[in-house]
Structures are given as C-alpha cells and as structure tokens.
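Observations on the three-dimensional arrangement
So you can see what is in the structure, the chains are spelled out below.
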Amino acid sequence: MGVLALQGDVREHLVALAAADATARPVRRPEELAEVDGLVIPGGESTTMSKLAVAFGMLEPLRERVRSGMPVYGTCAGMIMLADKILDGREDQETLGGIDMIVRRNAFGRQNESFEASVGMTGVPGGPVEGVFIRAPWVESTGAHVDVLAVHDGHTVAVRQGNVLATSFHPELTGDHRVHALFVDMVRAARH
C-alpha cells in the first residue's frame, strides 16, 4: 500500500497502516503509484496538495487509478481530493473525484476550532472511533451510490463509494487503527 507523500501527515498513516497489518510506503511519483494496490491520501492542505499533484505529474495518474478501481482512503484534505465537487475551494483547485459528493472545505471552522469527538462509524466494529477534526470538511450532499458511514452534529463525516473511503477526521492521530483496518480489508478484497 502507499500513502501519497506530496504534503500532509504521511508518517502517521504509515504507522497506522503498519498497526493494521499492512506494508505501506510513501508515494511521490507515478512509477511508485503504479506499484501499490491501495493508496491513502492524507490530511494536510487540499489546495497545496492539488498544486503539488500537478507539479509532480501525479494528477492524471491518480485520477486514472481511482477510475480503474484502486482502493483509496482519504482523510480530511484527502476527502476533499476525492470529492467530485468542492464548496469554498479555490477556482483553480483540482480534485481526483471518485466519490459522488459535494464537500465543504473548513466546514467545522478554523484551526483554533479543531476538536476531538467520538464518532459511531458503520463497518467499524467495537464502538465509536475517536476522530480528530482539524479545519475539517463535511459532506454537503451525496449521490445515490454513496454510503454514509458516519454523521457528527448532523453532518456527514465518513462515506464510501465502492473502493473509495473518506473521512472528515483524522483517525491516524488517535492510536485507534480500526478505520485503517477497514481500509486494509478493502484493499485485500479488491486484490482477490
């Protein structure tokens, strides 16, 4: 598995994937992307990530892998990158698509309004997961084929469409690796 290493909390995802019994490595170039069975798109700053994906020649290879069914999991900025449409984004901001959803950037507030919350999430056994919300987006609306997996304060914060999973929050910052385990299971299922 890979973690997109253009910008964001790459190391934390590598640790979480290892704890979920997966071998993962940073991915920065198209040839590295071609070698992985699944990819995590970390949190960070979505406009910066978009610009770097273009600069590194990764935007189209990423879009192609998502379209071809490679399992992908995006947290926070990664969720924004996987949206078909963004509200409150920059006009030149690119996304990969993959989930038929409209996402609002920084919906839960600015950096100083960041918080932690327990989130009940469908598909993750063992009770609520701890989520860290840092300038987090939320999902304004979804298409008919998107499964809503979690809601917090009336807003959708976790979704799945086929092999693509996204959360508004950062489970990789909590020591609870059950969301990553769900993603590892998705990757293994896609390989068979």
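Before reading further, recall that the structure is shown in the block above.
This write-up is about the structure you can find in this document. Values in this document were obtained by computation on a predicted structure and should not be read as measured data.

1. Looking at the overall build of the chain
Assigned secondary structure in the chain consists of six helices and 12 strands. A globule of 192 residues ought to have a C-alpha radius of gyration of about 16 Å, and the chain, at 15 Å, matches this closely. Dimensions along the principal axes, computed over C-alpha positions, put the chain at roughly 40 × 40 × 35 Å. In the chain, which comprises 192 residues, the proportion classed as buried is 51%. For the chain, long-range pairs separated by at least 24 residues make up 66% of all intrachain contacts whose partners lie at least 6 apart in sequence. Only carbon and sulfur atoms are counted for the fraction: they give 47% of the accessible area of the chain, which is about 8300 Å². Averaging the locations of the 18 positively and 25 negatively charged side chains of the chain gives two centres separated by 4 Å.

2. A look at the pattern of salt bridges
Inspection of the entire model under this criterion finds 13 salt bridges. Glu31 serves as the salt-bridge partner of Arg29, at 3.0 Å between the closest nitrogen and oxygen. For Arg29, the salt bridge identified is with Glu32, shortest N-O distance 3.2 Å. For Arg29, a relative accessible area of 40% gives the class partly exposed. Take Glu32: its relative accessible area is 15%, and that puts it in the buried class.

3. Here we look at helix α4 (residues 59–67)
Quick reminder: α-helices carry 3.6 residues per turn. Residues three or four places apart thus point the same way. For α4, the full list of buried residues reads Leu59, Leu62, Arg63 and Val66. Taken around the axis of α4, the buried residues stretch over an arc of 100°, which confines them to a single face. Summarising the contacts, the buried residues of α4 are in contact with β1 (2–4), α2 (30–33), β3 (39–41), α3 (46–55), β4 (72–75) and β12 (164–167). Within two residues after α4, Gly69 carries a phi angle of roughly 100°, on the positive side.

4. Points about the pairing of strand β10 (residues 147–152)
Across five bridges, β10 lies against strand β11 (residues 155–161) in antiparallel orientation. Paired with Asp147 across the bridge in β11 is Arg160. Counted along the chain from β10 to the antiparallel partner β11, the turn is two residues long, and its residue Asp153 has a positive phi close to 50°.

5. What to know about the side chain of His13
When you line up the elements, His13 lands in helix α1 (residues 10–19). Judged by relative accessible area, His13 falls into the buried class, the value being 0%. Only 2.9 Å separates the side chain of His13 from the side chain of His180, close enough to count as a polar contact. Each residue touching His13, except ones within four places of it in the same chain, is listed here: Val3, Val40, Pro42, Gly43, Thr75, Glu172 and His180.

Conventions adopted
Residues numbered from 1 in each chain as written. Predicted model: local features only at pLDDT ≥ 70, side-chain atom pairs only at ≥ 80, totals over all residues. Heavy atoms only, no water. Helix = DSSP H or I, 4+ residues; strand = E, 2+ residues; numbered from the N terminus. Rg over C-alpha atoms; globule rule 2.2 N^0.38 Å. Buried < 20%, exposed > 50% of the residue type's maximum accessible area, 1.4 Å probe, protein only. Contact = heavy atoms within 4.5 Å. Areas by Shrake-Rupley, 256 points an atom, 1.4 Å probe, with all protein chains shown as cover. Lys, Arg positive; Asp, Glu negative; His and termini not counted. Charge placed at Lys NZ, Arg CZ, Asp CG, Glu CD. Salt bridge = Lys/Arg side-chain N within 4 Å of Asp/Glu carboxyl O. Arc of directions from axis to C-beta. Pairing = 2+ DSSP bridges. Polar contact = N/O pair within 3.5 Å; in protein donor to acceptor, adjacent residues only side chain to side chain.

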